Amino acid sequence: MTPQPAGPPDGGWGWVVAAAAFAVNGLSYGLLRSLGLAFPDLAEHFDRSAQDTAWISALALAVQQAASPVGSALSTRWGARPVVMVGGVLASLGFVFSAFARTLLHLYLGLGLLAGEGSGMPGSFRVKVGTGACGTWGSERGEGLVRRAGLGMLGRASPVPAPIPSHSFAGSGWALVFAPALGTLSRYFSRRRVLAVGLALTGNGASSLLLAPALQLLLDTFGWRGALLLLGAITLHLTPCGALLLPLALPGDPPAPPLSPLAALGLGLFTRRAFSIFALGTALVGGGYFVPYVHLAPHALDRGLGGYGAALVVAVAAVGDAGARLVCGWLADQGWVPLPRLLAVFGALTGLGLWVVGLVPVVGGEESWGGPLLAAAVAYGLSAGSYAPLVFGVLPGLVGIGGVVQATGLVMMLMSLGGLLGPPLSGFLRDETGDFTTSFLVSGSLILSGSFIYIGLPKALPSCGPASPPATPPPERGELLPAPQAVLLSPGGPRSTLDTTC
């Protein structure tokens, strides 16, 4: 019988798990972040508005995250390894079957409800652009991602084979991979946990950096159906990633897996005040956080950039996002500032970053690289990337290491509430106002509101005076985060002061 370790190994095989989680994040959210590049082609091909096409990503996010507690519950019962491997197969099948869609509804089912847990959705056939009272979103010769001029009567393409129902495959795929992988990673680390989580979450930015131009090339070369088939093959790599998630027994784990479905879902965590505050704030942040995933590229098109200029905007945001996740992970692990305080600060900066992106003026033309918008996208990427690892890094201190997998699934579910409404609301505001300025302002306001709620978390407010040292719970229980000690210089020499609340 293998002896049970005294605590998380804080390294070793944990770095392999971090690499697997890196790939899982890249093959899910990284694909979704590049999805907006295909929306103009989809709007043209199916003769629909920006609001209609935005529901593809909205359903993808909502279903993937709303069903995450199911993945966490199955992982708690049978282990993360088999659950993630099955999820990879289902997500890949959803992509492949969705390549045969002939209406937007089929894509809602295949890529929204199904591959919503597989990934985003590319392209369309190259067809002649129609015109109407409001202009078009069309594809022109030699350029797959086109300028947005309005939403009116659009050209149509020839009919395609009847779709194969796929909502039972990919939709359940993503929900089975992300939360179990990230929850397992948190169990392997203690002192360097936020850095490990940040490293895994850079898969999002790294994948976006590669996929944004690659997806544009696939759309130009193969059309959206061929691109979907290729993405289905790529998504299948989630299965070997799941095979690397070796189980790890830790002190504080229950003696036996929960038999009750409600206990497996971890709904009892909502009885903890700190987790309830965190959940409410995260749900509000989710209402605006995913809007740039869907509409950053179309917003760049609205501002006058060409197709590859818009892809560059997405790519630089991804680079800033990825770099900030690593830097913020290292910073958080130093213990200089309590994690809840960092969470509130970087959440607020993310909301402000979206305001800046929305207020950037129109650039010169399609040949311009849009310097102001690129700078705003980098600022947004840095703040959003800093926020991401803190969301998951703070969980073990709120619920304990034994409940971190269940808590991860519940947090994903709460963010799905905002993910379902945010992108369609953004598309609706674009249709009503003529650009995405209002959309980004509203999204930033939602994130700022959630960040304000985080102030209610333990240690989120700065100290106002010394107090007696609070008892630090062991990591397997951890209702409150440990308060780091800071050494302050005074006339009497250095002295130890503990962080307190006002």
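Sequence order as written defines residue numbering, which begins from 1 separately in each chain. Owing to the predicted nature of the model, reporting of local features is limited to residues with pLDDT of at least 70; listing and counting of side-chain atom pairs is limited to 80 or more, with chain, interface and lining totals taken over all residues. Where side-chain values are given, they derive from all heavy atoms of the structure, hydrogens and water being excluded.

### Details of the overall build of the protein
Short version of the rule: Working definition: helices are DSSP H or I runs of at least four residues, strands are E runs of at least two. Numbering for both runs from the N terminus. Only protein chains enter the accessibility calculation, which uses a 1.4 Å probe; a residue is then buried when its area is under 20% of its type maximum, exposed when over 50%, and partly exposed in between. Residues are treated as being in contact if the distance between any of their heavy atoms lies within 4.5 Å.
Of the regular secondary structure elements, the protein holds 19 helices and 2 strands. Burial status across the protein gives 58% buried among its 502 residues. Within the protein, residue pairs in contact and separated by at least 24 positions form 85% of the contacts whose partners lie at least 6 positions apart.

### Considering the packing of aromatic side chains
Defined as follows: Classification of ring pairs uses Phe, Tyr and Trp, with its six-membered ring standing for Trp, and accepts pairs whose centres are within 6.5 Å; under 30 degrees between planes counts as stacked, over 60 as edge-to-face, and the remaining range as tilted. To sit over a ring, a charge needs its Lys NZ or Arg CZ within 6 Å of the ring centre and within 35 degrees of the ring normal.
The full count for this structure, using the stated rule, is 9 aromatic pairs. On the numbers, 5.9 Å between centres and 65 degrees between planes, the contact of Phe178 with Phe392 is edge-to-face. Of this pair, Phe178 sits in helix 8 (residues 178-188) while Phe392 sits in helix 16 (residues 371-393), placing them 214 residues apart in sequence. For the residue pair Phe178 and Phe392, the accessibility class agrees, reading buried in each case. Here a set of aromatic residues connected by ring pairs shows up, and it is made of Phe270, Phe275, Phe278, Tyr289, Phe290, Tyr387 and Tyr454. Lying over the aromatic face of Trp78, Arg77 brings its terminal NZ or CZ to 5.4 Å of the ring centre. Of note, Arg430 hangs over the ring of Phe436, and the distance from its end group to the ring centre comes to 5.7 Å.

### Points about the pattern of salt bridges
The condition that has to hold: A carboxyl oxygen of Asp or Glu within 4 Å of a side-chain nitrogen of Lys or Arg is what we treat as a salt bridge.
Summed over the entire model, instances satisfying the criterion amount to 4 salt bridges. The closest approach of N and O atoms between Asp10 and Arg192, which form a salt bridge, is 3.8 Å. Residue Asp10 is located in the segment before helix 1 (13-33), and its partner Arg192 is located in the loop between helix 8 and helix 9 (193-235); the two are separated by 182 residues in the primary sequence. For Asp10, a relative accessible area of 11% puts it in the buried group. Its salt-bridge partner being Asp302, residue Arg430 comes within 3.3 Å of it at the nearest N-O pair. With Arg430 in helix 18 (residues 404-433) and Asp302 in helix 13 (residues 291-302), the pair connects residues that are 128 residues apart, well separated along the chain. For the pair Arg430 and Asp302, one class covers both residues: buried. Because the salt bridges share partners, they merge into one network encompassing Asp10, Arg191 and Arg192.

### Some points on the confidence of the model for the protein
Filter applied, for reference: You can read pLDDT as the predictor saying how much it trusts each residue, on a scale of 0 to 100.
Taken residue by residue, the protein gives an average pLDDT of 74. The fraction at 70 or more is 75%. A low-confidence stretch, residues 116-170 stays under pLDDT 50, and its non-local contacts, those more than four residues away or across chains, total 205 contacts. When the criterion is pLDDT under 50, residues 479-502 qualifies, and its contacts beyond four places in sequence or with other chains add up to 56 contacts.

### What about the nonpolar core?
How we decide: Only buried residues count toward a nonpolar core. Its members are Ala, Val, Leu, Ile, Met, Phe, Trp, Tyr and Cys residues joined through side-chain atoms within 4.5 Å.
If you look at the biggest cluster of nonpolar residues, it comprises 113 residues, and the most contacted ones within it are Leu107, Leu185, Phe275, Phe278, Tyr289, Leu390 and Phe392. Per-element tally for this core: the top contributor is helix 9, with 14 residues. Dropping the residues within four chain positions of it, Leu185 is found in contact with Gly14, Val17, Ala18, Ala21, Ala196, Val197 and Ala200.

### Some points on the side chain of Ser68
In this structure, Ser68 sits in helix 4 (residues 68-78). Look at Ser68 and you get buried, because its relative accessible area is 0%.

### Concerning a nonpolar patch on the surface
Where we set the bar: Exposure above 30% relative accessible area and the absence of a salt bridge qualify a residue for a patch, where like charges join within 9 Å and nonpolar side chains (Val, Leu, Ile, Met, Phe, Trp, Tyr) within 5 Å. Accessible surface is estimated by sampling points in the Shrake-Rupley manner with a 1.4 Å probe; for residues, cover comes only from the protein chains shown.
Residues Val345, Leu349, Leu352 and Trp355 make up a contiguous nonpolar surface patch of about 310 Å² in total accessible area. Within the secondary structure, Trp355 sits in helix 15 (residues 339-359).

### With respect to helix 16
Put simply, the test is: Here the expected span of a helix is defined as 1.5 Å times the quantity of residues minus one.
The first and last C-alpha atoms of helix 16 sit 34 Å apart over 23 residues, in line with the 33 Å expected at 1.5 Å per residue. Burial within helix 16 is extensive, with 17 of its 23 residues counted as buried.

### Quick notes on the environment of His106
On the secondary structure map, His106 appears in helix 6 (residues 104-114). You can call His106 partly exposed: its relative accessible area is 22%. On a C-alpha basis, the gap between His106 and Ile56 in space is 10.0 Å, while along the polypeptide they are 50 residues apart.

### Here's the deal with the environment of Leu373
For Leu373, the position within the fold is in helix 16. Along the sequence, Leu373 and His299 sit 74 residues apart, while their C-alpha atoms lie 9.7 Å from each other. For Leu373, the contacting residues outside a window of four places in its chain are His299, Ala300, Arg303, Leu305, Val313, Val357 and Val360.

### Remarks on the side chain of Ser207
Among the secondary structure elements, Ser207 is positioned in helix 9. When residues no more than four places from it in sequence are discounted, the contact partners of Ser207 are Gly26, Gly30 and Leu31.

### Remarks on the packing of helix 5 (residues 80-98) against helix 8
Condition: Axes, fitted as lines to C-alpha atoms, cover a helix only where it is in contact. Angles between the N-to-C directions of the axes lie from 0 to 180 degrees. Handedness of a helix crossing follows the sense of rotation of the near helix relative to the far helix, less than a right angle counterclockwise being left-handed and clockwise being right-handed. Residues were grouped as follows: Ala, Val, Leu, Ile, Met, Phe, Trp, Tyr, Cys and Pro as nonpolar; Asp, Glu, Lys and Arg as charged; and all remaining residues, including Gly, as polar.
The contact between helix 5 and helix 8 brings their axes to 9 Å, and the two run at 150 degrees. When you trace helix 5 past helix 8, the crossing you get is left-handed. Contacts from Ala80, Val83 and Val84 of helix 5 reach helix 8 at Pro180, Ala181 and Thr184. When grouped by side-chain class, the residues that make up the contact of helix 5 with helix 8 number 5 nonpolar, 1 polar and no charged.

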